[in-house]
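# Working through the structure, step by step
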Amino acid sequence: MSVHTTAVVGAGTMGNGIAHVFALHGYDATLIDLDESLLDDARSTIEGNLSRQVDNDVITPADKAAALDRLAFTSNTPEGVASADLVVEAVPEAQEVKSEVFGTLDAHAPADAILASNTSSISITWIADQTERPDQVIGMHFFNPVPVMTLVEVVRGQRTSDDTFETVAGVADDLEKNPVEVEDYPGFVSNRILMPMINEAVFCVMEGVAEPEDIDTVMELGMNHPMGPLTLADFIGLDVCLHILEVLHDELGDDKYRPCPLLRRKVTAGQLGRKTGEGFFNYE
């Protein structure tokens, strides 16, 4: 199957980044969100990020103009996906929300369209079961910031077809990303490895092993990580980290994924990281 027209559902940070890279690499892209203000913010964000790429000589002004011409924005989901060859869902990590979205996509996207999810933790097999086309459902897990990060985990559900996988991996190549084939298990590869490291760093804070700044310095200078685990947790969102750890703990049944009580306490207090101005560090 060839892909020419794409749609992205969810105009948040990940969704607008995905639409950005689709449009920049020659795909028509419709960004969909029920919240018109989010669509307006997304339009401004994409224009600003494209301008930054021009300023940094990553793309030309003509590339920017062509990308913007390929973008459309709508709050009408059925209309937005009606002609899409590939739809990527990037809505919040809640099963009831995913279920509703994929039911709508299944009803209104063309019969041969591929339905992909950018989920970081929810089972692709479960998502596929919300549709009548499980062989055409797949995970397409991008990383933030999408225009910069080159990895895409391409996640096979239990019934994902080879044709669906090969098509999506080919699209990822076209986007100048590195597609990695991953089977549908909790946390996939990235979060199954990353979240226990973040969780252990939080335990080090709770137990007074070291201050957050010093824990991050150890990992940056000693392990050559570009960003310490606590800074990264704040960047991801502590609520997101907690949710992924809960999924890993519940579905794998192993206490090594048990979320640190301090992480739970910070989430309960609304100290979620950069997006709230405070997490393990202060951003105000």
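Residues numbered from 1 in each chain as written. Predicted model: local features only at pLDDT ≥ 70, side-chain atom pairs only at ≥ 80, totals over all residues. Heavy atoms only, no water.

A word on the layout of surface pockets. Of the voids in this model, the second largest pocket is the one considered here, and its volume is about 200 Å³. Residue assignment for the lining of the second largest pocket shows that the elements contributing at least two residues are helix 1 (13-24) and helix 2 (36-55). For the lining of the second largest pocket, the per-class residue count stands at 5 nonpolar, 7 polar and 1 charged. (1 Å grid on protein atoms, 1.4 Å probe; cavity = no way out; pocket = protein on both sides within 12 Å on 5 of 7 lines; lining within 4 Å. Points joined across faces, edges and corners; volume = space filled by probe spheres on them. Helix = DSSP H or I, 4+ residues; strand = E, 2+ residues; numbered from the N terminus. Nonpolar A, V, L, I, M, F, W, Y, C, P; charged D, E, K, R; others polar.)

Quick look at the nonpolar core now. In a soluble, globular protein the nonpolar side chains are often hidden away together inside. If you look at the biggest cluster of nonpolar residues, it comprises 38 residues, and the most contacted ones within it are Ile 18, Phe 22, Leu 31, Leu 86, Met 140, Phe 142 and Val 171. Mapped by element, the contributors of at least two residues to this core are helix 1, strand 2 (28-32), helix 2, strand 4 (86-89), strand 5 (114-117), strand 6 (137-141), strand 7 (151-156) and helix 7 (162-174). Membership of the second largest hydrophobic core comes to 23 residues, among which are Met 195, Leu 242, Tyr 257 and Leu 272. (Core = buried A, V, L, I, M, F, W, Y, C linked by side-chain atoms within 4.5 Å. Buried < 20%, exposed > 50% of the residue type's maximum accessible area, 1.4 Å probe, protein only.)

Residues given the UniProt feature "site: Important for catalytic activity" (unreviewed entry) here are His 141. Note that His 141 resides in strand 6. Relative accessible area serves as the criterion here: at 6%, His 141 is assigned to the buried category. The residues contacting His 141, other than those within four sequence positions of it, are Ser 117, Asn 118, Thr 119, Ser 120, Leu 151, Val 152, Glu 153, Phe 188, Ser 190 and Asn 191. Here Glu 153 takes part through its side chain, which lies 2.8 Å from a polar atom of the side chain of His 141. (UniProt positions renumbered as here; feature names shortened; annotations may be inferred. Contact = heavy atoms within 4.5 Å. Polar contact = N/O pair within 3.5 Å; in protein donor to acceptor, adjacent residues only side chain to side chain.)

Let us now look at the domain arrangement of the protein. What the domain assignment reports for the protein is domain 1 (3-181) and domain 2 (189-273). At the junction of the two partners, domain 1 supplies 8 residues and domain 2 supplies 7 residues. Buried surface at the junction of domain 1 and domain 2, both sides included, amounts to about 620 Å², of which 50% is carbon and sulfur. A per-residue breakdown of the area domain 1 buries against domain 2 is headed by Ser 120, Ser 121 and Glu 153, which together make up 54% of the total. (Domains from an automatic or database assignment. Buried area = accessible area lost by both parts, 1.4 Å probe.)

Inspection of the secondary structure puts Gln 95 in helix 5 (residues 95-108). Through-space distance from the C-alpha of Gln 95 to that of Glu 132 is 17 Å; in sequence the pair is 37 residues apart. Contact partners of Gln 95, with chain neighbours within four places excluded, come to Ile 122 and Trp 126.

Right, let's talk about the packing of aromatic side chains for a bit. All told, the structure shown has 1 aromatic pair when counted by the stated rule. An angle of 70 degrees between the planes, with centres 5.8 Å apart, marks the rings of Phe 22 and Tyr 27 as edge-to-face. The same class applies to Phe 22 as to Tyr 27, namely buried. Positioned above the aromatic ring of Phe 73, the side-chain terminus of Arg 43 is 4.2 Å from the ring centre. The lysine or arginine in question, Lys 266, covers the ring of Phe 280, its NZ or CZ lying 5.1 Å from the ring centre. (Phe/Tyr/Trp six-rings, centres within 6.5 Å; stacked < 30°, edge-to-face > 60°. Lys NZ or Arg CZ within 6 Å of the ring centre and 35° of its normal.)

Our focus in this paragraph is helix 2. Taking 1.5 Å per residue, 20 residues should reach 28 Å; helix 2 reaches 29 Å between its end C-alpha atoms and fits that length. Leu 39, Ala 42, Ile 46, Leu 50, Gln 53 and Val 54 are the residues of helix 2 that are buried. End-on, the buried residues of helix 2 take up no more than an arc of 110 degrees, which puts them together on one face. The elements touched by buried residues of helix 2 are helix 1, strand 2, helix 3 (61-70) and strand 3 (71-74). (Expected span 1.5 Å × (residues − 1). Arc of directions from axis to C-beta.)

UniProt feature "binding site: NAD(+)" (unreviewed entry): in the numbering of this structure it lies at Gly 10, Ala 11, Gly 12, Thr 13, Met 14, Gly 15, Asp 33, Glu 93, Lys 98, Ser 120, Asn 144 and Lys 275. A maximum C-alpha distance of 22.5 Å is found for the annotated residues, which run over 266 residues; spatially they are spread out rather than grouped. Among the annotated residues just listed, those that line the second largest pocket are Thr 13 and Asn 144. Following the sequence through the fold, Glu 93 ends up in the loop between strand 4 and helix 5. Excluding residues within four positions of it along the chain, Glu 93 makes contact with Lys 98, Thr 119, Ser 120, Ser 121, Ile 122 and His 243. Engagement of the side chain of Glu 93 in a polar contact is seen with the side chain of Lys 98, the distance being 2.9 Å. As for its position among the elements, Lys 275 is in the segment after helix 12 (261-268). Apart from residues no more than four positions distant in its own chain, Lys 275 is found in contact with Gly 237, Asp 239 and Val 240.

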